[in-house]
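# Summary of the model geometry
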There are 2 protein chains.
Amino acid sequence: MISKEMYELGAHSSVIREIFEYAKKRAAVVGRENIFDFSLGNPNIPAPPVVDETIKKLIDTMPSCTLHGYTSAVGDDSVREAIAAFLNETHKTSFRKENFYMTAGAAASLTITLHALAEKDDEVILIAPFFPEYRVFSEGAGMKARVVLSDEKTLLPDCDAIEKAINEHTKAIIVNSPNNPSGVVLGEEEVKKLCAVLEKKQKEFGKPIFLISDEPYRELVYGSATVPYITKYYKNTIVCYSFSKCLSLPGDRIGYILVPDEVEGSREIFTAVCGAGRRLGYVCAPSMYQFVVRECLGKTADLSAYEKNRDLLVSTVERLGFSCAKPDGAFYLFMKSPEEDAGAFCERAKKYELLFVPSDSFGFPGYVRIAYCVSAEMIERSIPAFEKLAKEYF
Amino acid sequence: MISKEMYELGAHSSVIREIFEYAKKRAAVVGRENIFDFSLGNPNIPAPPVVDETIKKLIDTMPSCTLHGYTSAVGDDSVREAIAAFLNETHKTSFRKENFYMTAGAAASLTITLHALAEKDDEVILIAPFFPEYRVFSEGAGMKARVVLSDEKTLLPDCDAIEKAINEHTKAIIVNSPNNPSGVVLGEEEVKKLCAVLEKKQKEFGKPIFLISDEPYRELVYGSATVPYITKYYKNTIVCYSFSKCLSLPGDRIGYILVPDEVEGSREIFTAVCGAGRRLGYVCAPSMYQFVVRECLGKTADLSAYEKNRDLLVSTVERLGFSCAKPDGAFYLFMKSPEEDAGAFCERAKKYELLFVPSDSFGFPGYVRIAYCVSAEMIERSIPAFEKLAKEYF
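Residue positions are given per chain, counting from 1 as you read along its sequence in written order. Throughout, the order in which chains and ligands are written sets their labels, letters from A for the former and numbers from 1 for the latter. Local features are withheld for residues below a pLDDT of 70 in this predicted model, meaning they are given only at 70 or higher, and side-chain atom pairs are given and counted only at 80 or more; totals for whole chains, interfaces and linings count all residues. Side-chain figures throughout are based on the complete set of non-hydrogen atoms in the structure, without hydrogens or water.

Quick look at the pattern of salt bridges now. All names here are of chain A. Salt bridges are counted wherever a side-chain nitrogen of Lys or Arg sits within 4 Å of a carboxyl oxygen of Asp or Glu. In the structure shown here, the tally under the stated rule is 60 salt bridges over all chains. Two residues, Arg 80 and Asp 77, come together in a salt bridge whose shortest N-O distance is 3.0 Å. Here Asp 77 and Arg 80 lie together in helix H5 (residues 77–91), a separation of three residues that amounts to about one turn. The exposure class assigned to Arg 80 is buried, which follows from its relative accessible area of 6%. Whether a residue is buried, partly exposed or exposed follows from its accessible area with a 1.4 Å probe, protein chains only, as a fraction of its type maximum: under 20%, in between, or over 50%, in that order. Look at Asp 77 and you get partly exposed, because its relative accessible area is 36%. Helix and strand definitions follow DSSP, with helices as H or I runs of at least four residues and strands as E runs of at least two, each counted in order from the N terminus.

Okay, structure coming up:
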C-alpha cells in the first residue's frame, strides 16, 4: 500500500539515531550528567556572533519580500558572486557565479548532484569508512554504490584498490576530507595520487569520472594540516559544500554545489543539477540564510574548542593503550576497537555509560567513531569511564 | 554522460520562469515601471512584523546550538505539539504531535508524500487546472499522472470524470483549494461530493485512495468563502501545508506533512514519509524557522491587500468584457482567453506590456493566469493596457 523501500528507510534509521534514542532513555534513568554520549555529529559550539548579528541587520535593512521571498532556483546572484569571489581570493581559482547552485545543505548538495549525473547502470565509488547516507543518496539516484576500503594502516584511500574498482560503469567517486567518521585529512600528496588514478582510468575508458568532493568539514582542521582545493588538481571535480559545520548552523540547511567551468560538460551538468533540484522539490535554498552566508564568508565559529577536545581525547585514549587514526580534522576520533567486533566493544563501553558508534555502519569494521563536538567538561568527566573500559582489555 | 531526464527538467524550466526572464529583459528596454508583470506567484506583502520580531527574540533567548542545530528528522517536538494544538483548537480535530512531519515547504511536503506512497504502476490523479510541478513531483516518485479536467463552467472538480478516471492503479488524488491557478475554493458541498466519490471507489477496489490536500493558500480566502478542513470529511486525507503564503516567507522553506491517525496505515505511512525525507536529502526542516512558525501560528501577513487587488482586477476585466473563474482565494485570477489559443492571447497582451501565463501549462487550455500578488498601484497603472487589449476583441 506504500513504498516498501521508503518504509524500510524510515524504519531502520541509522545506528547513530538508535544510539541517540538509547542515550535519551538512559539519561532518564541515571541522569544526563552521567551519560557520556560521543555518538552525534551535532556541533556544540555556538554559531559565531556575526551570524546572529547579520540576521538582525538583514531584518532591519532588507525589504521583507526580498529577505523572505523566493530567490531564483539557482540562488541569489549577489550570494553566488560573493562566494565565487571569496573562493577565488582564498584558493586562487577563477570561478564565476554561474558555477554555483545554492542548496539546503550538504545532503541536498549530494542528492541533487547524484541525481543530475545518474544514468542507467551507473556506479559510484564510496571510500570506506564513509558517511552512511552516501549509500542512501546514491541508491536513491539509481546508482550502485561500490565500496573500496581505505588502507588499514593509514585510513587513507587505497589508490590501488580504487584503480581496480573503477570499471566502465563508474560515473563518480565521493571524496570526503576531512573525513567523517575517521577525521583523516587528505594532504596534497594523497590528492595527487588519487587524481592520477582517476585521470588514468578516464583515459582508459574514454569518459569522465567525476570526483564529488563533499566538504562540510573543510575548515575543521587542526595543527599544521591543510585541505587542498581539489578542483585545482582534477578537472572533473564537483564540490558539495555546506556551511553547517564551519558556522555551526546545521539545522538551518545552507550550502552549495560548485560545478567549475573546466568540468567536462560543465553547463549540461549545471542544467541537470537545476533539473534535479526541481524534481526533488527544493525550489530554492533558504533565502534568508543565503544572504546570511554571503555576509559571513570566511568567518567560522570558534573552532579551537574542537582542537582542545581532540588533544585531550587523543592523549587520554593513547595513554590508556587504545590507538586511533590520525585525527587531523572534522570532530571525530576513529579509534581501533580492542576486540574484533566493534559492536561488542560498544556494548561493553555502555557499561560505563560511554556511547560510541561502531564503525560497521561506516562500511569499515573494527573501529568506533567518537564524536568530540561535546563539552570539554564532559570529556573530563568521562576519563574514569575510559580508564575502566581500558582495564578490561589492557 | 549525465541524466537526460534531469537535464530536460533543468533546460525546460517552467513557462512561468520563461515569462519572468522575458520581463527582466523587457524591463531593461522600456523601464520596469512600464511592464505589467502578472506572471509570478511570489507574495508581495511583507511578512507580518511578528515573524521578524520572533526571529530576534529567539536569537536573544534560545541557545545557539538549539536554535541553529539539527532537530530530529521529523521536526522539533515542541513545534509539532504547538501545531497540533493550534489545528485542534481551530478545526475541532484531535491531532497529536506524532502526526506531523516538518518539511522545507509545500514542494518538499508533496515530493516526500508521493515518494512515501508510490509503488510500481501507481497513478495519481491531478485535477486540471493544476500547479505544473505536480506532474514533475509525481513522475519523480515513479507515479503516472492522470489528468482530469475540471468542469468547464464552474472550474470545480468534475466528480463524474474523476469517478471514471479512478482505476485499480489509483493511489492518490491531489486536491488544491484555494486553487493555483484558478483561485477557486472548494466549499463544503463540493468537498463532500468529491469525498463520496473517493469513498465509493475505495470500496469498489477494496483499497485506500489517498487524498493529498495541498494547502499553501488555506488562509488566502476572500469575502464569505471558507475552506473546509478536509481530514474531517475523508479519513484517508494527508495534508501538505506550507507557511510560505500566509506568513509571506516563501523563500525560507517551512511547512509540514500531516498524517492523521485515522488514515489507513497511518503509522506505516508516517514511517515511509521519514524514509522518503531521508532519501531525498532533507535531513530536517530548517530549524530556526520551525521555532519561528511555532510562535506565529494563526498569524498572517496583512492579506487584505490581496482582496483589494482581486476586487479591482475583477471589476476591471469584467467591465471590459472578459470573464473569469470565481476568484475566492489564493492570489490568482483565471481569466477566459477571448480567443481559443491562450498562448496567442498572451502574445497579444505582451504588445501592451501585460504579462500573463497561458493556462496550457496548468493542463487546462483557453485561460490565462493573472497573479495579483503585485502592488495595487501597478494594477491601477495597467488598466489602460487592459482597455487597449480588450478593444482588440470586444
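On to the packing of aromatic side chains, then. Only the six-membered ring of Trp is used, alongside the rings of Phe and Tyr, when aromatic pairs are assigned; centres must lie within 6.5 Å, and planes under 30 degrees apart are stacked while those over 60 apart are edge-to-face, with the rest tilted. The tally for this structure, following the rule as stated, stands at 49 aromatic pairs over all chains. Ring geometry for Phe 243 of chain A versus Tyr 256 of chain A: centroids 5.9 Å apart, planes at 65 degrees, classification edge-to-face. Placement of Phe 243 of chain A in the loop between strand E7 (237–242) and strand E8 (255–258) and of Tyr 256 of chain A in strand E8 is noted, with a sequence separation of 13 residues between them. No difference in accessibility class separates Phe 243 of chain A from Tyr 256 of chain A, as the two residues are buried. Geometrically, the ring pair formed by Phe 322 of chain B and Phe 345 of chain B is tilted, given 6.0 Å between the ring centres and 50 degrees between the ring planes. In this pair, Phe 322 of chain B is assigned in the loop between helix H12 (304–319) and strand E9 (332–336) and Phe 345 of chain B in helix H13 (residues 342–350), connecting sequence segments 23 residues apart.

Further remarks concern the relation of the copies chain B and chain A. Copy-to-copy superposition: least squares on the C-alpha atoms, limited to residues that have pLDDT of at least 70 in both copies. Note on the copies: chain B fits chain A at an RMSD of 0.0 Å, the axial shift is 0.0 Å, and the rotation between them is 180 degrees. Each copy turns onto its partner about a two-fold axis. Of the interface residues in chain B, 100% have counterparts in chain A that sit at the interface too, so the contact is made through matching surfaces. Contacts are residue-level and defined by heavy atoms, with any inter-residue pair within 4.5 Å sufficient.

Contact with chain B, which involves 77 residues of that partner, is made by 77 residues of chain A. For the pair chain B and chain A, the summed buried surface comes to about 6000 Å²; carbon and sulfur atoms form 58% of the total. Counting across the chain B and chain A interface gives six salt bridges. With a closest N to O distance of 2.6 Å, Lys 56 of chain A and Asp 60 of chain B form a salt bridge. Two N or O atoms count as a polar contact when they lie within 3.5 Å, although within protein this holds only if one can serve as hydrogen donor and the other as acceptor, and sequence-adjacent residues are included solely when both atoms are side-chain atoms. For the interface between chain B and chain A, the tally reads 38 residue pairs in polar contact (both at pLDDT 80 or more). Put simply, the parts of the chain that give the side of chain B that touches chain A at least two residues each are helix H1 (4–11), helix H3 (49–61), helix H4 (64–67), helix H6 (106–117), helix H7 (133–140), helix H10 (266–279) and helix H11 (287–295) of chain B. Ranked by residues supplied to the side of chain B that touches chain A, first place goes to H10 of chain B with nine residues. When two parts are brought into contact, each loses some accessible area as probed by a 1.4 Å sphere; the total of that loss over both is the buried area.

Here the focus is the environment of Ile 19 of chain A. Residues and elements named next belong to chain A. Looking at the secondary structure, you find Ile 19 in helix H2 (residues 15–30). Using a relative accessible area of 9% as the deciding quantity, one classes Ile 19 as buried. In sequence terms Ile 19 and Asp 37 are 18 residues apart; their C-alpha atoms lie 8.7 Å from each other. Not counting chain neighbours up to four residues away, the residues in contact with Ile 19 comprise Ser 39, Leu 355, Phe 356, Val 357 and Pro 358.

All names here are of chain A. Counting buried positions over the six residues of strand E3 (residues 123–128) gives six, a clear majority of the element. Of the two faces of E3, both are covered, the one formed by Glu 123, Ile 125 and Ile 127 as well as the one formed by Val 124, Leu 126 and Ala 128. With the strands pointing away from the viewer, any crossover whose connection runs clockwise from the first strand over the helix to the second is right-handed. Between the parallel pair E3 and strand E4 (residues 144–149), the chain is carried across by helix H7 (residues 133–140), and the sense of this crossover is right-handed. Across four bridges, E3 lies against strand E5 (residues 170–175) in parallel orientation. Counted as the bridge partner of Ile 125 is Ile 173 from E5. Pairing between strands requires that DSSP locate at least two bridges from one strand to the other.

All names here are of chain A. Across the interface, helix H12 (residues 304–319) lies against helix H14 (residues 376–391) with an axial gap of 11 Å and an inter-helix angle of 5 degrees. When the axes of H12 and H14 are compared, the pair comes out roughly parallel. Contacts from Asn 309, Leu 312, Leu 313, Thr 316, Val 317 and Arg 319 of H12 reach H14 at Ala 376, Ile 379, Glu 380, Ile 383, Phe 386 and Glu 387. Considering only residue class, the contact of H12 with H14 consists of seven nonpolar, two polar and three charged. Angles run from 0 to 180 degrees between N-to-C directions of axes, and those axes are lines fitted to C-alpha atoms, restricted for helices to the stretch in contact. For classification purposes, an angle smaller than 35 degrees is called roughly parallel, one larger than 145 roughly antiparallel, one from 65 to 115 roughly perpendicular, and anything else oblique. Each residue is assigned to one of three groups, with Ala, Val, Leu, Ile, Met, Phe, Trp, Tyr, Cys and Pro labelled nonpolar, Asp, Glu, Lys and Arg labelled charged, and all others, Gly among them, labelled polar.

So, on to the sheet that holds E9 of chain B. Residue and element names in this part refer to chain B. The sheet built from three strands is open, its strands ordered E9-E12-E11 with antiparallel pairing. Edge positions in the sheet fall to E9 and strand E11 (357–358), since each has one partner strand and no second. Here E9 runs beside strand E12 (residues 367–371); their pairing, made up of five bridges, is antiparallel. If you follow Lys 336 over to E12, its bridge partner there is Tyr 367.

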